[in-house]
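# Survey of secondary and tertiary structure
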Amino acid sequence: MADLTVELLGMKLANPTVLPSGILGERQGMLEAAAKGGAGLLVTKSVTLRPREGYRGPVLVPTPAGGIMNAMGLPNPGIEEFSRTYAARVGGRPVIPSIHASSPDELRQLAMAVDRLGPPAIEVNLSCPHAGGSRPDALVSQDPAETARAISAICTNTDVPIIAKLTPNVSDIVEIAAAALYAGASAIAAVNTFAAMDVDVNFERPVLGNLIGGLSGPAIRPLALRKVADIAVAMRTGCIDQAPIIASGGAASGEDLARFILVGATAVGMGSAVYERDAGVFAAASAELDAWMQAKGYRRLGDFRGKVIDWLATEKECADEPIGKAVERAAEAGKAAPRR
Ligand code: SIN
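Residues numbered from 1 in each chain as written. Predicted model: local features only at pLDDT ≥ 70, side-chain atom pairs only at ≥ 80, totals over all residues. Heavy atoms only, no water.

## Regarding the overall build of the chain
Helix and strand content of the chain: eleven helices and 18 strands. For 340 residues, the compact-globule estimate of 2.2 N^0.38 gives 20 Å, and the C-alpha radius of gyration of the chain, at 19 Å, lies within 12% of that figure. If one aligns the C-alpha atoms of the chain with their principal axes, the spans along those axes are about 50 × 45 × 45 Å. A burial count over the chain gives 57% of its 340 residues as buried. Expressed as a percentage of contacts within the chain between residues at least 6 apart in sequence, the contacts between residues at least 24 apart total 72%. (Helix = DSSP H or I, 4+ residues; strand = E, 2+ residues; numbered from the N terminus. Rg over C-alpha atoms; globule rule 2.2 N^0.38 Å. Buried < 20%, exposed > 50% of the residue type's maximum accessible area, 1.4 Å probe, protein only. Contact = heavy atoms within 4.5 Å.)

## Some points on the sheet that holds strand S13 (residues 194–196)
With respect to topology, four strands assemble into an open sheet ordered S5-S6-S16-S13, the strand pairing being antiparallel. The two strands at the open ends of the sheet, each matched to only one other strand, are strand S5 (60–63) and S13. Across this sheet, the average inter-strand angle for adjacent strands is 35°, counted without regard to direction. (Pairing = 2+ DSSP bridges. Axes fitted to C-alpha atoms, helices over the stretch in contact; angles between N-to-C directions.)

## Brief notes about the pattern of salt bridges
The final tally for this structure, using the stated rule, is eleven salt bridges. One salt bridge in this structure joins Asp256 and Arg221, with 3.0 Å as the shortest N-O distance. Residue Asp256 is found in helix H7 (residues 254–262), and its partner Arg221 is found in helix H6 (residues 221–236); the two are separated by 35 residues along the sequence. Several salt bridges converge on common partners, so that one network encompasses Arg221, Glu255, Asp256 and Arg259. (Salt bridge = Lys/Arg side-chain N within 4 Å of Asp/Glu carboxyl O.)

## Digging into the sheet that holds strand S9 (residues 98–99)
Taking strand neighbours across the sheet as the criterion, the ten strands line up as S7-S8-S4-S3-S18-S17-S12-S11-S10-S9 in an open arrangement whose pairing is mixed. The sheet terminates laterally at strand S7 (89–90) and S9, the two strands that pair on one side only. One ladder, built from two bridges, connects strand S3 (residues 17–19) with strand S4 (residues 41–43); its direction is parallel. Within the sheet, the bridge partner assigned to Val18 lies in S4 and is Leu41.

## A look at the site of the ligand
All residues in the neighbourhood of the ligand are listed as Lys45, Asn70, Ala71, Met72, Gly73, Leu74, Pro75, Asn125, Cys128, Pro129, His130 and Asn192. At a separation of 2.8 Å, an oxygen atom of the ligand approaches a polar side-chain atom of Asn125. When the ligand sits alone it has 260 Å² of accessible area, and the protein chains cover 98% of it. If you map the ligand onto the pockets, it falls in the largest cavity. Classifying every residue of the shell around the ligand gives six nonpolar, five polar and one charged. (Near = heavy atom within 4 Å. Polar contact = N/O pair within 3.5 Å; in protein donor to acceptor, adjacent residues only side chain to side chain. Areas by Shrake-Rupley, 256 points an atom, 1.4 Å probe, with all protein chains shown as cover. 1 Å grid on protein atoms, 1.4 Å probe; cavity = no way out; pocket = protein on both sides within 12 Å on 5 of 7 lines; lining within 4 Å. Sits in = over half its atoms within 2 Å of the grid points. Nonpolar A, V, L, I, M, F, W, Y, C, P; charged D, E, K, R; others polar.)

## Remarks on the nonpolar core
One broad rule of soluble globular proteins: the nonpolar side chains tend to lie buried together. Ile151, Ile240, Leu289 and Phe304 are the most contacted members of the largest nonpolar core, which totals 115 residues. Once residues lying within four places of it in the same chain are set aside, the contact partners of Phe304 are Ala258, Ile261, Leu262, Leu289, Trp292, Met293 and Tyr298. (Core = buried A, V, L, I, M, F, W, Y, C linked by side-chain atoms within 4.5 Å.)

## Comments concerning helix H5 (residues 173–182)
Counting buried residues in H5 gives eight out of ten residues, a clear majority hidden from the surface. Buried within H5 are the following residues: Ile173, Val174, Ile176, Ala177, Ala178, Ala179, Ala180 and Leu181. If you check the start of H5, you find a side-chain oxygen 3.0 Å away from the backbone N of Val174, and it comes from Asp172. Following H5 by one or two positions, Gly184 has its phi on the positive side, about 125°.

## Some details on a nonpolar patch on the surface
Residues Met197, Val199 and Val201 make up a contiguous nonpolar surface patch of about 300 Å² in total accessible area. Mapped onto the elements, Met197 comes out in the loop between S13 and strand S14 (199–200). (Patch = residues over 30% accessible without salt bridge, like charges linked within 9 Å, V, L, I, M, F, W, Y side chains within 5 Å.)

## What to know about the packing of aromatic side chains
As enumerated under the stated definition, the model contains four aromatic pairs in all. Each ring, one from Phe82 and one from Tyr86, has its centre 5.7 Å from the other, and the planes form 25°; the classification is stacked. We note that Phe82, like Tyr86, is buried. Seen in terms of ring centroids, Trp292 and Phe304 are 4.9 Å apart; in terms of plane orientation they differ by 70°. Their pairing is edge-to-face. With Trp292 in helix H9 (residues 281–296) and Phe304 in the loop between H9 and helix H10 (309–313), this residue pair connects regions lying twelve residues apart in the sequence. Comparing Trp292 with Phe304 shows no difference in burial state: the two are buried. Following the ring pairs from residue to residue traces out a cluster consisting of Trp292, Tyr298 and Phe304. (Phe/Tyr/Trp six-rings, centres within 6.5 Å; stacked < 30°, edge-to-face > 60°.)

## A word on the side chain of Asp290
Residue position: Asp290 is located in helix H9. For the buried Asp290, which has no salt bridge, the nearest side chain bearing the opposite charge is Arg299, at an N-O separation of 11 Å. Contacts of Asp290, omitting those with residues within four sequence positions, involve Met1, Ala2 and Leu4. (Lys, Arg positive; Asp, Glu negative; His and termini not counted.)

## A look at empty space enclosed by the protein
Vacant regions in the atomic arrangement are exposed by a probe of water-molecule size rolled over the atoms. Per the stated rule, a full pass over the model turns up two cavities of 30 Å³ or more. There is about 400 Å³ of room inside the largest cavity. Taken together, 35 residues line the largest cavity, and the ones lying closest to its centre are Ser21, Gly22, Ile23, Thr193 and Ser216. For the lining of the largest cavity, the leading source of residues is helix H8 (residues 272–276), giving three residues. Considering only enclosed or pocket space, the second largest cavity measures out at about 90 Å³ in volume. As for the second largest cavity, its lining consists of 14 residues, and the residues nearest its centre are Pro20, Val43, Glu123, Ala189 and Ile246. Secondary-structure elements contributing two or more residues to the lining of the second largest cavity are S4, strand S11 (162–166) and strand S17 (245–247). Across the lining of the second largest cavity, the residue classes break down as nine nonpolar, three polar and two charged. (Points joined across faces, edges and corners; volume = space filled by probe spheres on them.)

Right, here's the structure in full:
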């Protein structure tokens, strides 16, 4: 058997699969099912300061190209109730709380509340593509300065490692990752859903209750791979700090796990795959990854992590200018007390 264990931010994971924040994980039962189903790491659904009911349905719609469109509306019980039920481990797996807020001040309050729960890390969701309903404002992680401001607001209120969950809905995800790392994030989660909508031709209206939403599942896998690879190339060429990448975007099998690890991911989320199959997908994908590694002669994940980046990073030089500008704006905005 190959060694599938992963070291991530001081945690030792049994395998690289992750239940990501997103459409699942709102209830303790889902975390338990994912742990039982073999996930190496559990991330809760994003929690907000006050309870949110979520949007009216339909909130989840499968798409013919193989994927799910969602606009759930971040339903969650709010931080007070969340704190009563949170456990740092479920079924022997570490549990990372994900937080979402609409201002740095809310993030500050959430960071303090979550810090008291003793989590192994905190994910900050800067990337729900429809958090503002059907008339979304720009997302925090569409702007390096806003990203740094948000990360600084958290980092000044907790020493727990911060994972910045980024949107793919940007032209240059590297400058956003640069700003997040500069402001003190310890890891990057990439990516959240791609902004999307579909149309019901009978009713002549958008299919989602919220009208617009985000697309996940197999249809976005190559798009997500490209975003993760862009970040990994920038890390390899020294344009941005090295940090673990927790990838997500359409992974559904052991080969998909291998694909994301080949482009530099440390761990890989599987969300839509759980919805489309069941929580057993984590153990199944890990077993498939094990078989793939054995066939290839790999003993550890580190034996092939980032191997595809060798193809992409060779001719590339660090494009100092855009990254420099992103960090400059980040520093200005965050009045950044960067953690490093
Ligand atoms: C939702 O609850 O609407 C999805 C969460 C997300 O995309 O971050």
